[in-house]
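Breakdown of the fold
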Amino acid sequence: MKKRLQLIGVLFVLLMAAMPLRAQNNPYVDDKLIHFGFYMGVDMLSYHIQENDSLTQLGMPSANGNVYHPRTMSIGAGFEVGFITDLRLSRHLSLRFTPGLHFGERSVTYKSYTTDKVEGTREGNKPSLLTIPVSIPLYLKWSAEREVNYRPYVIVGGGVQVECFRDKEKVLLHKPFDAFVSAGFGCDFYFRWFKLCPEIKYQIGFLDAHVPTSEKQENAWGIAGDDHFYSDAIKKMTHQQLSIVFNFE
C-alpha cells in the first residue's frame, strides 16, 4: 500500500509540472450539459463493530476456553475502478453517477480476555473477508469558481453496494446488499485534452452487514469447530472506507 501511494504521488507531481500556469486549458469543458469519464483509486477499508454485550457479560467461552472480543485495529487495502457520468445542473452544481467495481479485504482483530492474547486475522485469515462489491452511487458536486487551470470542489451523496463474491466457508460473512452515505473533496486540474480530478472521500455503510451464525445454520453453510464464536461475538457490523480517487474526465 505504501509503495502504491508513493507511485501515485510521483505521477501526480509530474502531471502538475506539465500543466501551464497562465493559459487556460479546455476553457469550455464545464459548459457541457453532460460529459463522461472514468476513475481509478485506492481504498483503506475497515469495519465499525458493535460487540455482542450479552455474550461479554455472560463470559461465554469457546471450546478452547477463550472469550472473543472483536476489535477493528486492522485496516485492509483495496482498489476501485469505474465510470463517470456528469450532468450539469448549474454553473456550480452537477449531478454525478459513478458506478464502479471494488476489490479489497477487510479484517477483524479479536482479543481473548481469558488468555490476554490478540488474535490477528492476518495470520490465520479466518475472520478476514475478501470483498468484491459493485457500487452504484449518486453524488452532488459543488464547485468553486475556476482559477486558471484548477477548481476545488466538494461532493456529497450515497448509494448501494451489491456483493459479487461470498465465500460461505469464512468465519465472517457479508450480507449481499448494503447502503452507504459518502462525502469528500477534491480539485479539478485542467489539461489540454482532459481534466484530472484527484479526490478524497469517506464512505460509511448504515445497514448491518453481519451474517449471524443462525442464518448460516439455516442455509447449511459451513461452520467448523470453534468458528461460530468469532461470529457470535459481533452484534452489528457496518463498513467504513477512505478512498483516494483519480477522476479522468
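Numbering of residues starts from 1 in every chain and runs along the sequence as written. Local features in a predicted model are, by the rule used here, given only for residues with pLDDT of at least 70; side-chain atom pairs are given and counted only at 80 or more, and totals for whole chains, interfaces and linings are based on all residues. Heavy atoms from the whole structure form the basis of all side-chain values; hydrogens and water molecules are not counted.

1. Some details on the pairing of strand E1 (residues 34-51)
Strand pairing is assigned whenever DSSP detects at least two bridges linking the two strands. By definition, any uninterrupted DSSP run of H or I lasting at least four residues is a helix, any uninterrupted run of E lasting at least two residues is a strand, and each is numbered from the N terminus. As defined by bridge partners, E1 adjoins strand E3 (residues 76-88) across 12 bridges and the pair is classed as antiparallel. By the bridge assignment for E3, Phe36 is matched with Thr85. Sheet topology note: the E1/strand E13 (residues 234-248) ladder contains 14 bridges and is antiparallel. Its bridge partner being in E13, Met44 is matched across the sheet by Leu242.

2. Some points on the pairing of strand E12 (residues 195-205)
Buried residues are those whose accessible area, probed at 1.4 Å on protein chains only, stays under 20% of the maximum for their type, while exposed residues exceed 50% and partly exposed ones sit between those limits. With respect to burial, E12 is a largely interior element, 8 of its 11 residues being buried. Strand direction decides the pairing type here: strand E11 (residues 177-190) and E12, joined by 9 bridges, are antiparallel. Bridge pairing in E12 places Ser182 opposite Gln203. Between the antiparallel neighbours E11 and E12 lie 4 residues. Across 9 bridges, the pairing between E12 and E13 is antiparallel. Bridge assignment links Leu196 to a residue of E13, and that residue is Phe248.

3. Brief notes about a nonpolar patch on the surface
A patch is a set of surface residues, each over 30% in relative accessible area and not in a salt bridge, joined within 9 Å for like charges and within 5 Å for the nonpolar side chains Val, Leu, Ile, Met, Phe, Trp and Tyr. Accessible surface area values rest on a Shrake-Rupley calculation with a 1.4 Å probe, where residue burial reflects the displayed protein chains alone. What makes a salt bridge here is a side-chain nitrogen of Lys or Arg within 4 Å of a carboxyl oxygen of Asp or Glu, nothing more. A cluster of nonpolar side chains, namely Leu33, Ile34, Phe36, Leu87, Leu89, Leu140 and Val156, defines an oily patch on the protein surface of about 640 Å² accessible area. Mapped onto the fold, Leu89 is located in the loop between E3 and strand E4 (93-97).

4. Some details on the nonpolar core
The term nonpolar core refers to a set of buried residues drawn from Ala, Val, Leu, Ile, Met, Phe, Trp, Tyr and Cys, joined through side-chain atoms within 4.5 Å. If you look at the biggest cluster of nonpolar residues, it comprises 10 residues: Tyr47, Ile49, Val108, Tyr110, Leu129, Leu172, Tyr230, Ala233, Ile234 and Met237. Looking at this core, the elements that each hand over two or more residues are E1 and E13.

5. What to know about the state of the cysteines
Pairs of cysteine sulfur atoms within 2.5 Å are what we label disulfides. Throughout the structure, instances matching the rule amount to 0 disulfides. Between Cys197, a free cysteine, and Cys187, which holds the nearest cysteine sulfur, the sulfur-to-sulfur gap is 8.3 Å.

6. A short note on the side chain of Glu249
Tracing the backbone through its elements, the reader meets Glu249 in the segment after E13. For Glu249, a relative accessible area of 11% corresponds to the buried category. Of the polar contacts made by the side chain of Glu249, one reaches the side chain of His35; its length is 2.6 Å. A polar contact is formed between the side chain of Glu249 and the side chain of Arg96, at a distance of 2.8 Å. For this analysis, residues touch if any pair of their heavy atoms sits within 4.5 Å. Setting aside its immediate chain neighbours within four residues, Glu249 contacts His35, Phe36, Gly37, Ile84, Arg96, Lys141, Phe194, Lys195 and Cys197. Pairing of N or O atoms within 3.5 Å defines a polar contact, subject to two protein rules: one partner must be a possible hydrogen donor and the other a possible acceptor, and residues neighboring in sequence count only if both atoms are side-chain atoms.

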